[in-house]
Amino acid sequence: MSDAPETGMRISSESDGTGSLVLSIAEHPESADRVVESGGARIFLDPQVVDMLDDKSLDADVDEGGGVEFLVTDRPG
């Protein structure tokens, strides 16, 4: 991953219509992406997922094997 200030994590939807999300590292946001910054993290949201994730929170955890797991949950009321 690059240390460039515009690098971030991008969330987009699968093109197969299943509603599955794809998480990837991106050097910069796409022109139509919404950029969300919090606690030093930069997230680029594909326009197709903005409404889907509007009331959600993204959490990350490291499992016992050192792998990172991401979880999308409902944001507390």
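Coordinates for the structure precede this section.
Cut-off values and rules
- Here, residues in each chain are numbered from 1, in the same order as that chain's written sequence.
- Given that this is a predicted model, residues contribute local features only at a pLDDT of at least 70 and side-chain atom pairs are listed and counted only at 80 or more, while totals for whole chains, interfaces and linings are drawn from all residues.
- Side-chain numbers come from the whole structure's heavy atoms, not from hydrogens or water.
- Among the buried residues, those of types Ala, Val, Leu, Ile, Met, Phe, Trp, Tyr and Cys that are joined through side-chain atoms within 4.5 Å form a nonpolar core.
- We call a residue buried when its accessible area falls under 20% of the maximum for its residue type, exposed when it is over 50%, and partly exposed in between, using a 1.4 Å probe and counting protein chains only.
- Runs of H or I in DSSP of at least four residues are treated as helices and runs of E of at least two as strands, each being numbered from the N terminus.
- Here a residue-residue contact requires only that any non-hydrogen atoms of the pair lie within 4.5 Å.
- For two strands to count as paired, DSSP must find a minimum of two bridges between them.
- Geometry is summarised by axes, namely lines fitted to C-alpha atoms with helices restricted to the contacting stretch, and by angles between N-to-C directions that run from 0 to 180 degrees.
- With a 1 Å grid spanning the protein atoms alone, the term cavity applies to any set of points in which a 1.4 Å probe fits but cannot get out, the term pocket to an open set with protein on both sides within 12 Å along at least five of seven lines, and the term lining residue to any residue with an atom within 4 Å of a point.
- Grid points are joined across faces, edges and corners, and a volume is the space filled by probe spheres set on the points.
- When residues are sorted by character, Ala, Val, Leu, Ile, Met, Phe, Trp, Tyr, Cys and Pro go into the nonpolar class, Asp, Glu, Lys and Arg into the charged class, and all the rest, Gly among them, into the polar class.

**Some details on the nonpolar core**
And then number 1: Counting residues in hydrophobic clusters, the biggest one holds 7 residues: Met 9, Ile 11, Ile 43, Leu 45, Val 49, Val 50 and Leu 53.
And then number 2: Among the elements of the structure, strand S1 (8–13), strand S4 (41–45) and helix H1 (47–50) are those that each provide at least two residues to this core.
And then number 3: Setting aside anything within four residues of it in sequence, one finds Ile 11 in contact with Leu 21, Val 22, Leu 23, Ile 43, Phe 44, Leu 45, Asp 46, Val 49, Leu 53 and Leu 58.

**What to know about the sheet that holds strand S3 (residues 34–38)**
And then number 1: Ordered by their spatial adjacency, 4 strands build an open sheet running S2-S1-S4-S3, and the pairing between neighbours is mixed. Every interior strand has two partners, whereas the edge strands, strand S2 (21–26) and S3, have only one. For this sheet, the mean inter-axis angle between neighbouring strands, taken without regard to orientation, is 25°.
And then number 2: Sheet topology note: the S1/S2 ladder contains 6 bridges and is antiparallel. Bridge pairing in S2 places Arg 10 opposite Ser 24.

**Some thoughts on the pairing of strand S6 (residues 68–74)**
A regular strand places its side chains so that they alternate between the two faces of the sheet.
And then number 1: As judged from the 7 bridges shared by strand S5 (residues 56–62) and S6, these two strands associate in the antiparallel manner. Counted as the bridge partner of Asp 59 is Leu 71 from S6.
And then number 2: Between the end of S5 and the start of S6, which pair antiparallel, lie 5 residues, with Gly 66 showing a positive phi angle near 90°.

**Considering the layout of surface pockets**
And then number 1: A volume near 420 Å³ is recorded for the largest pocket.
And then number 2: Together, 18 residues line the largest pocket, and Val 36, Ile 43, Lys 56, Ser 57 and Leu 58 are the ones closest to its centre.
And then number 3: Sorting the residues of the lining of the largest pocket by element identifies S1, S3, S4 and S5 as the ones contributing at least two each.
And then number 4: Ranked by the residues each element gives to the lining of the largest pocket, the list is headed by S5, at 5 residues.
And then number 5: The residue inventory of the lining of the largest pocket, partitioned by class, reads 11 nonpolar, 2 polar and 5 charged.

So, to be careful, I would describe these as geometric facts and stop short of saying anything about function.
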